[in-house]
There are 4 protein chains.
Amino acid sequence: MRIDRPHDQERPLAQTAAHERLARYRAVRRATEALIRSLTPEDMGAQSMPDASPTKWHLAHTTWFFETFMLTPGLPGYRVFDPRFGYLFNSYYEAEGPRQPRPARGLITRPSIADVLAYRAHVDAAMERLLTAAGEGPLELLDLGLAHEEQHQELILMDILHLFAQSPLSPAFAPPRPPLASVPTPPLAYVEFAGGLVQMGHDSGPGAPFAFDNEGPRHRVWLEPFRLADRLVTNGEWLRFMADGGYERPEFWLSDGWAMARAEGWRAPFYWRESPDGWRVMGLTGLRPLDPAQPVSHVSYYEADAYAAWAGARLPTEAEWEHAASSVPIEGNFAGSGRLCAQPAPAGEGLRQMFGDLWEWTRSAYLPYPGFRPAAGAVGEYNGKFMSGQFVLRGGCCATPAGHVRRTYRNFFYPQQRWMFSGVRLAMDGA
Amino acid sequence: MRIDRPHDQERPLAQTAAHERLARYRAVRRATEALIRSLTPEDMGAQSMPDASPTKWHLAHTTWFFETFMLTPGLPGYRVFDPRFGYLFNSYYEAEGPRQPRPARGLITRPSIADVLAYRAHVDAAMERLLTAAGEGPLELLDLGLAHEEQHQELILMDILHLFAQSPLSPAFAPPRPPLASVPTPPLAYVEFAGGLVQMGHDSGPGAPFAFDNEGPRHRVWLEPFRLADRLVTNGEWLRFMADGGYERPEFWLSDGWAMARAEGWRAPFYWRESPDGWRVMGLTGLRPLDPAQPVSHVSYYEADAYAAWAGARLPTEAEWEHAASSVPIEGNFAGSGRLCAQPAPAGEGLRQMFGDLWEWTRSAYLPYPGFRPAAGAVGEYNGKFMSGQFVLRGGCCATPAGHVRRTYRNFFYPQQRWMFSGVRLAMDGA
Amino acid sequence: MRIDRPHDQERPLAQTAAHERLARYRAVRRATEALIRSLTPEDMGAQSMPDASPTKWHLAHTTWFFETFMLTPGLPGYRVFDPRFGYLFNSYYEAEGPRQPRPARGLITRPSIADVLAYRAHVDAAMERLLTAAGEGPLELLDLGLAHEEQHQELILMDILHLFAQSPLSPAFAPPRPPLASVPTPPLAYVEFAGGLVQMGHDSGPGAPFAFDNEGPRHRVWLEPFRLADRLVTNGEWLRFMADGGYERPEFWLSDGWAMARAEGWRAPFYWRESPDGWRVMGLTGLRPLDPAQPVSHVSYYEADAYAAWAGARLPTEAEWEHAASSVPIEGNFAGSGRLCAQPAPAGEGLRQMFGDLWEWTRSAYLPYPGFRPAAGAVGEYNGKFMSGQFVLRGGCCATPAGHVRRTYRNFFYPQQRWMFSGVRLAMDGA
Amino acid sequence: MRIDRPHDQERPLAQTAAHERLARYRAVRRATEALIRSLTPEDMGAQSMPDASPTKWHLAHTTWFFETFMLTPGLPGYRVFDPRFGYLFNSYYEAEGPRQPRPARGLITRPSIADVLAYRAHVDAAMERLLTAAGEGPLELLDLGLAHEEQHQELILMDILHLFAQSPLSPAFAPPRPPLASVPTPPLAYVEFAGGLVQMGHDSGPGAPFAFDNEGPRHRVWLEPFRLADRLVTNGEWLRFMADGGYERPEFWLSDGWAMARAEGWRAPFYWRESPDGWRVMGLTGLRPLDPAQPVSHVSYYEADAYAAWAGARLPTEAEWEHAASSVPIEGNFAGSGRLCAQPAPAGEGLRQMFGDLWEWTRSAYLPYPGFRPAAGAVGEYNGKFMSGQFVLRGGCCATPAGHVRRTYRNFFYPQQRWMFSGVRLAMDGA
Ligand SMILES: [Fe+3]
Ligand SMILES: [Fe+3]
Ligand SMILES: [Fe+3]
Ligand SMILES: [Fe+3]
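Attention in this report is confined to the structure presented alongside it. Please read all numbers here as calculations on a predicted model, not as lab measurements.

Grouped together as the largest cluster of nonpolar side chains are 273 residues, with contacts concentrated most on Met 127, Trp 238 and Trp 361 of chain B together with Met 127, Trp 238 and Trp 361 of chain C. Those residues in contact with Trp 238 of chain B that lie beyond four places of it in its chain are Val 233, Tyr 247, Pro 269, Trp 272, Val 296, Val 299, Glu 303, Ala 304, Tyr 307 and Val 424 of chain B. Counting residues in hydrophobic clusters, the runner-up holds 270 residues, among them Leu 131 of chain A together with Leu 131, Val 233 and Tyr 369 of chain D.

Encoded structure:
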């Protein structure tokens, strides 16, 4: 499946022509709004767990980001839409002052969704002025603001799925697409890499295209020889793990993972539901029979690691993954495909599903690269302050906007989290 | 202030003419729907704490009550609107099967409010047929169903106030009414009662007007002489309690209350907010300056009891209260007044504010009367199973529908709860 | 079984001769110390839950009580043993200042048990001086101090049982006595009472024998006719309740009780343990096979109430119990018997097991009697501040010192608590 | 301060002469028992938090380790001391079956300390037979068993300090030593390292001296140039951090750390206590005035990281630390010095305090090295299953037995933990 990336950005937007950045800004903002077509005001107001946020909150928060970090400091005469929104829609920027407690975002029933859309329009109009007129300086954060909004597009999908999965009615966010021509799952093969002294991370010299601060600096790492699976682990393979006592045998599990699995009663991936007719899987297209050919999705790091131990393999490090990905085109099943769930691996040889389909757990903790420095000011809180306790995931997923990820892109979650579109690619030590 | 009771019911509705019960049914159902005029779909979907429920849930649950306990068993050929609603909108009837966990009612974003109103219309149409055609038997639970719906009208107001009180925007449910002509608070006086062997509780013989099962049987109790305050404790008096260290001095407090007050950081009634301009009080008409003449509202049993100890008094028992109320007309500031908050005591002599304004804490635990038997079947769960750990409140409040309460009416809450319209009337031992 | 009460006190100890009060003081203090014979220092230092306290703490706390409330104010020149002990061994007297948090009493490894026994000796020596010399005034609290120590004797037994029940080794506090000659359990019969206007509570005029403040004042209550079971519910009867789904059928349970039973996984009384050979019961004499003739013990109010509902009966009120007990001698299986567990009901007619064996749950909330006033000063915290949320139990148990209880004696626990020696006597409405 | 390492082991004990391994075994076991000289039975039985264990439990658990992993499989005819001890004293070996829940270790009042010492003697006698007679195979785990016991020697000290720090009496485990001749704290200097491709980790070929499995395999890593502080951060420097708002300014903190610090009310290191005379520090020698020249101790990773951010520096990686330590002798202030607290840095040049004094937080997550494989069998659970969520600390501390640590030694704790002897060494990127 070839998914064209809609923008193949070679330099910061601040250095592009006004019409180009305007087009890009509009495209991203409209894409966000396109997500709410099937949602009711109640759907958009509810918060199903502290980790998730209401759709309405995402719509407003991304707007607050542009207002706070670009319009207020950069557009002379800009009038803040509502001064109380800073409290309501700041996510975690301590430098920007106090804010609505995260677990209470579902209690913000006012402003209504109509008010939030008016807020978006107000900010969009001002941004159009800024994008048309401003020089490079005030636009420095434009790429960040748009990348931020794209991240929240994915969060909207993750959070809506979580919400709908709590409902006894199992609503569908979108209708299912006809399945791709079914092919038997190809046997898992490993691709060999020799390792050695390699480079990884984003090179952020002047004029370099945008990347998050946590992707750099580019630096050297030594890799021992390793092998990487050519596709993701499937539901069918996961069923074999389960049938072999995968969730009942502590010898496969990390200690923290075992404790969590016991405490929470885990016995299958997050969105699997047992029914008289066998397993079903809740997804953005509703509750559907399990497809053994699809990649297993919504598993925690603990489960991924236990599976790898059971399979006699391990998870890759992020350096291994990035090195392996260096020659793979950034194509795959992203949100633009409209499928909104991971697809079976295509037939063929070599690494498949590296981009799109599912975020791939690595065994690397999310930590700063050598020489990392967070950006100055409040946006320095964007990434750096989360560098403890989480693991890196790579490659994007079926809910990620096409064009959003890079080979150097580092996503990160806590090892017990399961509501993101996370999957498993195995690795092994090389010969 | 004279508030006419809209219905002065002398016998069960099942024994009235069809047009009479139809009128009563319609009036109650329309009154519920009138409450949502100022609310958005998001307001009606949110749940601000496990004790509270979304407005939408109240609208559907009361409807489910008629469907489940009257239509399904009593109307031949009735078709259930949606068989999944039983799971969603059953509150606590174990006999009716499993149900949505109470703290997760805010996650029911589907059905939408429009769907719920359609559900109401469907049930109303069927109820009209039942009310027109049916004999006494199938209508046995009509009074209960309507009293139940009235209770949920009050809960809608309590719960919306709680939700709006969580919002940094402090929305108002309704515009404030012009204040009544201000009169100085009359000094607190006590009315004397001689006690003796008295009767209390509802007499539920055949043809008797409706009352909840927990109000009976009527039975004898011995009362020692006592004195009852002629009005409610005011905000101004409560300020003196606070100024005297009321929230910092354990000697006034029950042990459980002191522990709770410490753990939760209580230092004023539930909806009081400190501001640079002094105390404000959040209410259904928004966040407004504290009025010292208004009765203090939204206090827990623990606070009420501590206040009484500080004042050298005590709370009345429910037997004392009911005995004192026996000659007081059931009039007062109920929801029909549209004020939606407690009003200053009118000038005059004798017991005032006994009905309406605020529910009055008694020192009586909510326990069965001698000879109490819960009703048969699922509706037997209505009251009886809550008879541990709670205290009785009497008299109704400014959010209670007029005509709903009786002299024998027993409301009940846990001693730490504060989100209902609860106030304090003092009592003392007699001479 | 006739158990002589060791003292049949007709007036306050302050009004007795010095040798008499000295004898009584010594007897109570020695009885406490006799309890630790089989215990190791580790046994006496451990705290198995926040509700329980280490034996060592009990030994010191009762001593602190005499020191604080009698010696410091009443014995000229008394030197406090260690000024830091006030912090360590104050239980809940807010008026006496801050104290070791209750759940952290097991962390008081110093002072050692030897130090605590030295503390006891120091206080005993001073008390001997006070008891010999003092007039009535300084001795006013002597009865209270001794009754207090007796209560802690029972608590030591309750708390050691709880501790030993946590141990996989199931240690025995004492060796079992040979069983009484086995008699078949007599069928349960009910004794009828006509009710009417009766008196209850302790009459505390001058010269009256000691009672706790919560037992008075004596006052009138109206009782409807009732019937009271002539013996306690047995283990055998409880097995039938369980076999009939007693722990799985919500229709028998109070709502709070059902929630607690689900949350905690209750499926049998607190100290019952399932084994391949059937149920065993952990007790002070170790883990022993269940005896169907013994009264069921260590049940919560919720379980007692559910059992009564299942049995078509109810629990008695405390007024009913006290009225029925008025002609029953205060004899029974108290701690002095050395059996340390409830015994099968003796053959015969009329009320049996009213005193001793097990505390009997009543359906009465623990609330103040009409006219109740707590004592002045810190000891006013003894009883009154616990008057919310608890239920009254009557009659004493096999761990209660003989002579400690009265017909008016009110014990109280929360409805979910189970570690005390609590049992069930049924009641019914009269004809 | 030169602290001789008592054993400078060049090969596995299984390959040494019988008298040599006997001497080593006895030395370690006697060292454990020497720790309890000042402790009472109550001290040894109490558990002050779930992370800590009673001394008695440590004494028994280390013994169980030898019994389970060496005697039962390796000594023909060995009789287990008490078959119930496996349940009581297994720490976390799932392969060895169920066990006493960790937070309930303080409830094991039986066996008594005397019984546990008898258990030790029983196992020691059997071990002497095994050590005398056995060939290399059965002795394979001897090094592990002794290293394990040494780790628990340190845990005993950590846990006793935690217990005593909960006591209002602040007992001392040991008398303080006279302070070393006081020297002014030398200014902090940085030692430069060029980095490059270096080796790290333990080389575990045949005949190699013992190391834990998590220290290997030896492997290459690429290091960028870096600088390492020549001594630990002192209390005096930490006071400046605090005076500059260190605990109140979120800009220095990781997000999880800030949340933890707010939730727990952190405002100083774990064992600092404010008093009218200024800060005091609770330690194994009691509660003593803060010494500004001593290294700051008992800080979490979050605090260490925040301090580094405040200081314009960072924490070292474990690879940097190990590389820098490669030429430093393994000498320092270990438990053998008897000081039991970190000492001021000695005057001089170059890296000081690398070994002993305090464990040094690194910014490296505790993860497997390339090629890591846990040992086969139950002892494979020793280290590998903890490889998520923790950070590595290096170098040993004043409570670590001399000779226990290696340059490759990896200790690990969660970032919020504070009860171990942890300190801070700063690092910076190189030129
Ligand atoms: Fe954001
Ligand atoms: Fe209801
Ligand atoms: Fe006490
Ligand atoms: Fe261990």
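Having put the structure on the table, let's press on.
Throughout the structure, instances matching the rule amount to 120 salt bridges over all chains. Arg 373 of chain D serves as the salt-bridge partner of Asp 429 of chain A, at 3.5 Å between the closest nitrogen and oxygen. Here Arg 373 of chain D lies in the loop between β10 (359-365) and β11 (391-394) and Asp 429 of chain A lies in strand β14 (residues 427-429), a pairing that spans two chains. Residue Arg 373 of chain D is classed as exposed on the basis of its relative accessible area of 57%. Among the ionic pairs, Arg 29 of chain C bridges to Asp 124 of chain C, the shortest N-O distance being 2.7 Å. With Arg 29 of chain C in helix α1 (residues 18-34) and Asp 124 of chain C in helix α5 (residues 113-133), the pair connects residues that are 95 residues apart, well separated along the chain. Here the residues in one salt-bridge network are Arg 29, Arg 30, Glu 33, Arg 120, Asp 124 and Glu 149 of chain A, joined through shared partners.

Moving on, we come to the interface of chain D and chain C. Between chain D and chain C, the residue contacts involve 27 residues of the former and 27 residues of the latter. When residues of chain D are sorted by the area they lose upon contact with chain C, Glu 42, Arg 110 and Leu 169 of chain D head the list and together hold 34% of the total. Put simply, chain D and chain C have eight residue pairs in polar contact (both at pLDDT 80 or more) between them. Those elements giving two or more residues to the side of chain D that touches chain C turn out to be α2 (41-45), α4 (85-89) and α6 (142-166) of chain D. Here the side of chain D that touches chain C is composed, by residue class, of 13 nonpolar, nine polar and five charged.

Right, let's talk about the packing of α1 of chain C against helix α6 (residues 142-166) of chain C for a bit. Residue and element names in this part refer to chain C. Packing of α1 against α6 leaves a shortest axis separation of 9 Å and a crossing angle of 20°. Our classification of the angle between α1 and α6 gives roughly parallel. In this structure, the crossing between α1 and α6 has a hand that is left-handed. Side by side, α1 and α6 meet where Arg 21, Arg 24, Tyr 25, Val 28, Arg 29, Ala 31 and Thr 32 of the first sit next to Leu 142, Leu 146, Glu 149, Glu 150, Gln 153 and Ile 156 of the second.

Residues and elements named next belong to chain C. Look at α1: 24 Å from first C-alpha to last across 17 residues, which is about the 24 Å you get at 1.5 Å a residue. Every buried residue of α1 is listed here: Arg 21, Leu 22, Arg 24, Tyr 25, Val 28, Arg 29 and Thr 32. Down the axis of α1, the smallest arc covering the buried residues is 165°, so these residues share one side. If you follow the buried residues of α1, they end up packed against α3 (55-74), α5 and α6.

Rules of the game
- Residues numbered from 1 in each chain as written.
- Chains lettered and ligands numbered in written order.
- Predicted model: local features only at pLDDT ≥ 70, side-chain atom pairs only at ≥ 80, totals over all residues.
- Heavy atoms only, no water.
- Core = buried A, V, L, I, M, F, W, Y, C linked by side-chain atoms within 4.5 Å.
- Buried < 20%, exposed > 50% of the residue type's maximum accessible area, 1.4 Å probe, protein only.
- Contact = heavy atoms within 4.5 Å.
- Salt bridge = Lys/Arg side-chain N within 4 Å of Asp/Glu carboxyl O.
- Helix = DSSP H or I, 4+ residues; strand = E, 2+ residues; numbered from the N terminus.
- Buried area = accessible area lost by both parts, 1.4 Å probe.
- Polar contact = N/O pair within 3.5 Å; in protein donor to acceptor, adjacent residues only side chain to side chain.
- Nonpolar A, V, L, I, M, F, W, Y, C, P; charged D, E, K, R; others polar.
- Axes fitted to C-alpha atoms, helices over the stretch in contact; angles between N-to-C directions.
- Parallel < 35°, antiparallel > 145°, perpendicular 65-115°, else oblique.
- Left-handed = near helix turned anticlockwise from the far one by under 90°.
- Expected span 1.5 Å × (residues − 1).
- Arc of directions from axis to C-beta.

By themselves these figures say nothing about function.
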